[in-house]
Amino acid sequence: MINSPKVLLVDLGLGNLGSVEAGLRRHECNVQRYKEPPDFSLSDSFTHLILPGVGSFAYGMEVITSSGWASWLGQHWSSERPLLGICLGMQLLASEGLEGSRSGEPIPGLGFIPGSVVRMSTIASFPLPHIGWNAVKWNDNQSILAKQIPQNGDFYFVHSYKFELSYEDLHLAAFTGYGSSFPSVVRNGMHFGVQFHPEKSQRLGRQLISNFLAIH
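Calculation criteria
Residues numbered from 1 in each chain as written. Predicted model: local features only at pLDDT ≥ 70, side-chain atom pairs only at ≥ 80, totals over all residues. Heavy atoms only, no water. 1 Å grid on protein atoms, 1.4 Å probe; cavity = no way out; pocket = protein on both sides within 12 Å on 5 of 7 lines; lining within 4 Å. Points joined across faces, edges and corners; volume = space filled by probe spheres on them. Helix = DSSP H or I, 4+ residues; strand = E, 2+ residues; numbered from the N terminus. Nonpolar A, V, L, I, M, F, W, Y, C, P; charged D, E, K, R; others polar. Phe/Tyr/Trp six-rings, centres within 6.5 Å; stacked < 30°, edge-to-face > 60°. Buried < 20%, exposed > 50% of the residue type's maximum accessible area, 1.4 Å probe, protein only. Core = buried A, V, L, I, M, F, W, Y, C linked by side-chain atoms within 4.5 Å. Contact = heavy atoms within 4.5 Å. Salt bridge = Lys/Arg side-chain N within 4 Å of Asp/Glu carboxyl O. Pairing = 2+ DSSP bridges. Right-handed = clockwise from strand over helix to strand, strands pointing away.

> Quick rundown of the layout of surface pockets? Include the residues and the values.
Of the pockets and cavities examined, the largest pocket occupies roughly 180 Å³. Along its surface, the largest pocket is lined by 14 residues, and V54, G55, C87, V158 and H159 are the ones closest to its centre. Secondary structure elements with two or more residues in the lining of the largest pocket: helix 4 (88–91) and strand 9 (153–159). Tallied by class, residues from the lining of the largest pocket come to six nonpolar, six polar and two charged.

And the structure:
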């Protein structure tokens, strides 16, 4: 369709790409899946970018760096351009992360949203990983991603690590409770991250994707 979003789907080979792509194709958009960064001359032709992923922070950063995506994103996808990180893709936006570190020292992330990815607290009645449906509580239910999504609407989660923001007042868009609260939606400009899986979250997940694709 004319003027429909042209979506760059980053394929790091880190799981759930098929379901994310299928979910995007339910909307009126042009989806192009790339394993390696597109030629610089094509970068301006895309309107939106989605960075999905499942797995450890350490391996995710290894793949995104070795494939050239890390440097490409830094050069060609400013915070004024719509980007959505999903699950591990959200966590890779952080300054650093501990998951998968052999030395125990933080591993540098993309640095798009200041903060650290750390293991969630283990509480007997809240085992890890956190798997299943849980409520998302928006700081501002009039925000771009929250349109037509009810406060405390349920989304589907699978994770053991959380994004610990350096500046919650600037970058926390929504949070979820599991023993204690953790960021479930983060934002810096037009860069967003969601800890849950919208592609597995039925009607509300489809609405969130639609809201993201409506960003201009």
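Resuming the write-up.
> Quick one: what's the story with the packing of aromatic side chains, residue by residue and with numbers?
Here a ring pair, both rings aromatic, is described through the centre-centre distance and the interplanar angle of the planes. Within the structure shown, the criterion is met by eight aromatic pairs. Ring geometry for Y34 and F46: centres 5.8 Å apart, planes at 90°, overall edge-to-face. Taken together, the positions of Y34 in strand 2 (residues 30–34) and F46 in the loop between strand 2 and strand 3 (48–51) put the pair 12 residues apart, joining distant regions of the chain. Across the pair, exposure class does not vary: Y34 and F46 are buried alike.

> Before we move on, can you summarise the nonpolar core with the specific residues and values?
Counting residues in each nonpolar core, the largest one holds 35 residues, and the members touching the most others are L24, I50, L84, W138 and V185. Sorting elements by how many residues they give to this core places helix 6 (residues 202–213) first, with five residues. Beyond its immediate stretch of four places on either side in the chain, L84 contacts L49, I50, L51, F192, V194, L208, I209 and F212.

> Account for the side chain of H171, naming residues and giving values.
With respect to the helices, strands and loops of the structure, H171 is situated in helix 5 (residues 168–171). H171 sits in the buried class, given a relative accessible area of 8%.

> Just give me the short version of the pattern of salt bridges, but keep the residues and values in it.
By the definition in use, this model includes five salt bridges. One salt-bridge network, in which partners are shared between bridges, spans D11, E21, R25, R33 and K35.

> Which residues make up the pairing of strand 1 (residues 6–10), and what are the values?
The side chains of a regular strand alternate, first on one face of the sheet and then on the other. Of all the five residues making up strand 1, five are buried; the element is thus mostly covered by neighbouring parts of the structure. Of the two faces of strand 1, the one carrying K6, L8 and V10 and the one carrying V7 and L9 are both buried. Sheet topology places strand 1 next to strand 2; five bridges connect them, and they run parallel. Directly across from K6, in strand 2, lies its bridge partner N30. Taking the sense of rotation as the criterion, the β-α-β connection linking strand 1, helix 1 (residues 17–24) and strand 2 turns out right-handed.

> Describe the environment of W133, listing the residues and the values that go with them.
Summarising the element assignment, W133 is placed in strand 8 (residues 130–138). Given the relative accessible area of 42%, W133 is considered partly exposed. Separated by 56 residues in sequence, W133 and G189 place their C-alpha atoms 28 Å apart. Those residues in contact with W133, other than ones at most four positions away along the chain, are D154, F155, Y156, K200, S201 and Q202.

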